[in-house]
Amino acid sequence: MKRPMSEEEVEAARAAYAEQHGIDEEEEEEEDEDEGETAEDGRGESNEEEHQEHQEHQPEEQQQEQEHGQEQQEQEQQQQQEHQEQQEQPAQPSGVPNETRPPNYRLKYTLEGHKMSISSVKYSPDGRWLATASADKTVRLYSALDCRHERTLRGHTAGLSDVAWASDSQILCTGSDDKTVKVWSVDSEVAIKTLKGHSNYVFCVNFNPQSNLIVSGSFDESVRIWDVKKGKCIKVLPAHSDPVNSVCFNRDGSLIVSCSNDGLIRIWDVSTGQCLKTLIDDDNPPVSFVKFSPNGKYILASTMDSTLRLWSYSTAKCLKTYTGHENTKFCIFGSFSVTGGKWIVSGSEDGMVYIWNLQTKEIVQRLVGHTDVILTVSCHPTVSMIASGSIDSDLTVKIWVDSD
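In this text, all values refer to a predicted model and were calculated from it rather than measured experimentally. (Residues numbered from 1 in each chain as written. Predicted model: local features only at pLDDT ≥ 70, side-chain atom pairs only at ≥ 80, totals over all residues. Heavy atoms only, no water.)

Thoughts on the nonpolar core
What counts is decided by this rule: Joining through side-chain atoms within 4.5 Å is the link that ties buried Ala, Val, Leu, Ile, Met, Phe, Trp, Tyr and Cys residues into a set, and such a set is a nonpolar core. Burial classes follow relative accessibility: with a 1.4 Å probe on protein chains only, a residue under 20% of its type's maximum area counts as buried, one over 50% as exposed, and anything between as partly exposed. Helix and strand assignments come from DSSP, with helices taken as H or I runs of at least 4 residues and strands as E runs of at least 2, each series counted from the N terminus. Any two residues whose heavy atoms approach within 4.5 Å at even a single point are treated as in contact.
Within the largest apolar cluster, 14 residues are counted, with the highest numbers of intra-cluster contacts made by V257, I265, I267, V290 and I299. Looking at this core, the elements with two or more residues in it are β15 (255-260), β16 (265-269), β18 (287-292) and β19 (298-303). Leave out the neighbours within four places in its chain, and I299 touches V257, I267, L279, V290, K291, F292, R309, L310 and W311.

Next up, the structure:
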């Protein structure tokens with residue numbers, strides 16, 4: 001049995017225990033500190049490894065992002081290119097189905113009365129009237145749908161080369177070899193104004209959409225812009241180096257396109273009179289006729305190499321060519337037809353009217369009936385109807401109607 005310890009022994013034991021226990025606590029603290037340092041070192045090493053891995057993966061991620069960005073950029077560029085190519089193509093006219101049957105025009109009326117070659121035929125914008133101009137110095141007005149003759153306009157002292165309608169279909173103008181432009185009302189057989197200034201034959205005329213201006217082209221190689229109300233010339237454009245064959249405003253009246261035997265198609269700023277663009281084919285054939293498309297984005301041009309060309313105004317590039325007819329001697333009108341399909345229509349020196357599919361450029365119909373050169377054609381604005389006029393041995397205007 002163990003004896004009880006004395007107080008001295010107890011104190012000594014306590015001191016020894018405290019001393020021994022104190023040493024143990026320091027060791028534990030040191031161990032804890034070592035473990036803490038080890039843990040901190042472990043976290044440090046782990047962070048460095050993660051950072052190193054991040055640094056190693058970062059170029060790969062950047063590369064993937066760059067590749068993705070390049071793919072997006074390429075896709076955007078491709079979309080822009082496709083959009084531009086779509087813009088280059090003539091737009092589908094509103095109200096026209098995507099798939100249309102071939103035209104089936106048949107002769108309905110033959111109009112007689114002019115004593116010399118028919119130089120120009122034009123339907124009025126509202127579709128009510130048909131005006132026919134002739135080298136016999138007169139304009140004959142017909143009711144468009146039933147072709148009843150209404151009146152004859154007389155006053156020029158030489159043959160007429162062109163006739164054009166104002167947008168209200170109540171006023172029209174004519175250009176003549178007597179070097180004048182005359183302005184007429186459908187209600188009178190007498191001209192209401194005579195515009196003088198050209199020094200040679202007036203070969204072509206047109207109103208702007210607002211109908212407050214007339215543009216005329218002449219054998220004097222100039223283009224003149226006239227104020228209709230004042231009856232005065234407000235601008236003279238030294239347009240070409242050969243006779244001016246055709247002039248036309250665009251849809252908002254801000255531009256004029258002109259063409260000439262010099263082979264040039266020129267676009268003019270109406271407000272400044274400056275030439276903005278010149279379109280020219282590599283072969284440089286004489287250009288006999290020009291016309292803005294209804295949407296103003298394209299220009300249809302007839303050239304004396306038996307070709308019609310469709311130009312983009314914005315890019316100044318030829319987009320499409322239409323061939324198969326004959327045109328090497330005369331200035332022959334062309335036209336857009338959008339009432340029953342997308343067609344290009346033109347007269348021809350072989351005595352036929354030619355109709356092309358605007359997009360495919362294929363000839364879809366030839367209208368046979370005239371016996372001489374067809375100088376002029378006009379398409380009715382709302383009905384699938386074409387008027388054509390011929391020269392010399394024919395001297396008739398024929399009306400063709402599309403039938404199912």
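Remarks on the sheet that holds strand β22 (residues 334-337)
Sheet strands line up and pair through hydrogen bonds in the backbone, either parallel or antiparallel. Rule in force here: Paired strands are those between which DSSP finds at least two bridges. Axis definition: a line fitted to C-alpha atoms, limited for helices to the stretch in contact. Angles are taken between N-to-C directions and run from 0 to 180 degrees.
Read across the sheet, four strands follow the order β22-β23-β24-β25 without closing on themselves; strand pairing throughout is antiparallel. Every other strand in the sheet has two partners, leaving β22 and β25 (363-368) as the edge strands with one partner each. The average undirected angle you get between the axes of adjacent strands in this sheet is 20 degrees. With four bridges connecting them, strand β23 (residues 343-346) and strand β24 (residues 352-357) associate as antiparallel partners. Looking at β24, one finds that I344 is bridged to W356.

Some thoughts on the state of the cysteines
Defined simply, a disulfide is a covalent bond joining two cysteines at their sulfur atoms. Note the following rule: Sulfur atoms of two cysteines make up a disulfide when they are within 2.5 Å.
Following the criterion strictly, the structure yields zero disulfides and no others. Here C204 stays unpaired: no disulfide links it, and the sulfur of C259, its closest cysteine neighbor, is 7.2 Å away. For C204, a relative accessible area of 2% corresponds to the buried category.

Points about the pairing of strand β27 (residues 385-390)
In terms of burial, β27 is a largely internal element, six of the six residues being buried. Here β27 shows two buried faces, one formed by M385, A387 and G389 and the other by I386, S388 and S390. Of the strand pairs in this sheet, strand β26 (residues 374-379) and β27 are connected by five bridges, and their pairing is antiparallel. Bridging from a neighbouring strand, I374 pairs with S390 of β27. In textbook terms, the turn of a hairpin is the stretch between consecutive antiparallel strands, and for β26 and β27 this stretch comprises five residues.

Points about the pattern of salt bridges
Defined as follows: By definition here, a salt bridge exists when the distance from a side-chain nitrogen of Lys or Arg to a carboxyl oxygen of Asp or Glu is within 4 Å.
On inspection of all chains with the given rule, the structure shows six salt bridges. With a shortest N-O distance of 2.7 Å, D146 and R148 are connected by a salt bridge. Judged by relative accessible area, D146 falls into the partly exposed class, the value being 35%. Here R309 and D305 are joined by a salt bridge, their closest N and O atoms 3.0 Å apart. Linked through salt bridges whose partners overlap, the residues forming this network are D146, R148 and E150.

Regarding the environment of L160
With respect to the helices and strands, L160 occurs in strand β6 (residues 160-165). Look at L160 and you get buried, because its relative accessible area is 3%. Along the chain, L160 and F203 lie 43 residues apart, while their C-alpha atoms are 8.0 Å from each other. Sequence-distant contacts of L160, defined by excluding residues within four places in its chain, comprise S119, A133, S134, A135, K137, T138, V139, T174, G175 and S176.

Observations concerning the environment of N327
Relative to the assigned elements, N327 resides in the loop between β21 (318-323) and β22. When the C-alpha positions of N327 and S306 are compared, they lie 4.3 Å apart, and in sequence the two are 21 residues distant. In contact with N327, not counting residues within four places along its chain, are S288, S302, T303, M304, D305, S306, I332 and E349.

Re the sheet that holds strand β10 (residues 202-207)
Here we have four strands laid out as an open sheet, ordered β10-β11-β12-β13, and antiparallel in their pairing. Of all the strands in the sheet, just β10 and β13 (232-237) have a single pairing partner and so form its edges. Going across the sheet, the axis of each strand differs from the next one's by a mean of 25 degrees, ignoring polarity.

Considering unusual backbone geometry
Leaving glycine out, the prevailing phi sign among residues is negative, and the prevailing peptide bond configuration is trans. You will see that S169, though not glycine, has its phi angle at about 60 degrees, which is positive. In this fold, S169 is placed in the loop between β6 and β7 (171-176). Taking relative accessible area as the criterion, S169 reaches 0% and is therefore assigned buried. For A316, which is not glycine, the phi dihedral falls at a positive 60 degrees. Looking at where A316 falls in the secondary structure, it is placed in the loop between β20 (307-312) and β21.

A short note on the environment of T174
As a reminder of what qualifies: Two N or O atoms form a polar contact when they lie within 3.5 Å of each other; inside protein one atom must be a possible hydrogen donor and the other a possible acceptor, and for residues adjacent in sequence the pair counts only when both atoms belong to side chains.
As for its position among the elements, T174 is in strand β7. Sequence-distant contacts of T174, defined by excluding residues within four places in its chain, comprise V139, H156, L160, D162, V163, T180, V181, K182, W184 and V205. Of the polar contacts made by the side chain of T174, one reaches the side chain of W184; its length is 2.8 Å.

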